[in-house]
Amino acid sequence: MYLGDYITIDRQIGPFEFECESVSTGTQFTARIDEDKKDIFSDHSFADEHPRACRFLRPDGSLLRCTIHNDSPAQCKFYRCVVMRIMDREGTFLGTVTGTLHLHADDSRLRAIWEEAEKSIPESSPGSEERREQYLRDQGYSVQ
């Protein structure tokens, strides 16, 4: 099974709005492209080149981003893809952040800084992923 097999698009109901079904649960939902992802969603080259990928994934620099993060079904929210790799100033790998914005790291200083970021930048706030990434950079970390 491919990632694109988990969501079907029944029909497009607006320029950035789709009626969809979560295949694993049979749940119908409306997918709206996140406001801050409309530009990258408009480029269909990745979807055309990767027909088995989720139709809502798009490249954003070196990362693949979900363009319906706010409306994505539960199976996507629990998918543990890596959205950030975190290194110290010397380039030593310290941990990852998954698509659910959870940190996976043993480094206590990094964990404390991530907890501060979670408090000041709630997951529900617009652009939380990008803002938390910048927060880490401001603390001296390298983020890919």
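The structure under discussion appears in the preceding block.
Residues numbered from 1 in each chain as written. Predicted model: local features only at pLDDT ≥ 70, side-chain atom pairs only at ≥ 80, totals over all residues. Heavy atoms only, no water.

Q: Help me understand the pattern of salt bridges, please; the structure alone is not making it clear to me.
A: Charged atoms that come close allow side chains of opposite charge to pair. Going through the model one piece at a time under the given rule, you end up with nine salt bridges. In this structure, Asp 34 engages Lys 37 in a salt bridge whose closest nitrogen and oxygen atoms are separated by 3.6 Å. For the pair Asp 34 and Lys 37, one class covers both residues: buried. Where Asp 36 meets Lys 37, a salt bridge forms, and the shortest distance between an N and an O atom there is 3.5 Å. Take Asp 36: its relative accessible area is 46%, and that puts it in the partly exposed class. Residue class for Lys 37 comes out buried when judged on its relative accessible area of 10%. (Salt bridge = Lys/Arg side-chain N within 4 Å of Asp/Glu carboxyl O. Buried < 20%, exposed > 50% of the residue type's maximum accessible area, 1.4 Å probe, protein only.)

Q: Would you mind showing me how to read helix H4 (residues 108–120) here?
A: Residues separated by three or four positions in an α-helix point in the same direction, a consequence of the helix having 3.6 residues per turn. When the terminal C-alpha atoms of H4 are compared, their 19 Å separation across 13 residues agrees well with the 18 Å that a helix rising 1.5 Å per residue should span. Turning to H4, its buried residues are Leu 110, Ile 113, Trp 114 and Ala 117. On an axial view of H4, the arc spanned by its buried residues comes to 105°, and they lie on one face. With respect to the buried face of H4, the exposed residues turned more than 90 degrees away are Ser 108 and Lys 119. Looking at the packing, one finds that the buried side of H4 touches strand S6 (82–87), strand S7 (93–98), strand S8 (103–105) and helix H5 (128–138). (Helix = DSSP H or I, 4+ residues; strand = E, 2+ residues; numbered from the N terminus. Expected span 1.5 Å × (residues − 1). Arc of directions from axis to C-beta. Contact = heavy atoms within 4.5 Å.)

Q: Would you mind going over the environment of Gln 12 with me for this structure?
A: Position of Gln 12 relative to the elements: it lies in strand S1 (residues 7–14). With a relative accessible area of 47%, Gln 12 lands in the partly exposed category. Residues Gln 12 and Thr 30 lie 18 residues apart in sequence; the distance between their C-alpha atoms is 9.7 Å. If near-sequence neighbours (up to four positions away) are discounted, Gln 12 is found in contact with Glu 17 and Phe 18. Within the local environment of Gln 12, its side chain forms a polar contact with the backbone oxygen of Gly 14, the two atoms lying 2.9 Å apart. (Polar contact = N/O pair within 3.5 Å; in protein donor to acceptor, adjacent residues only side chain to side chain.)

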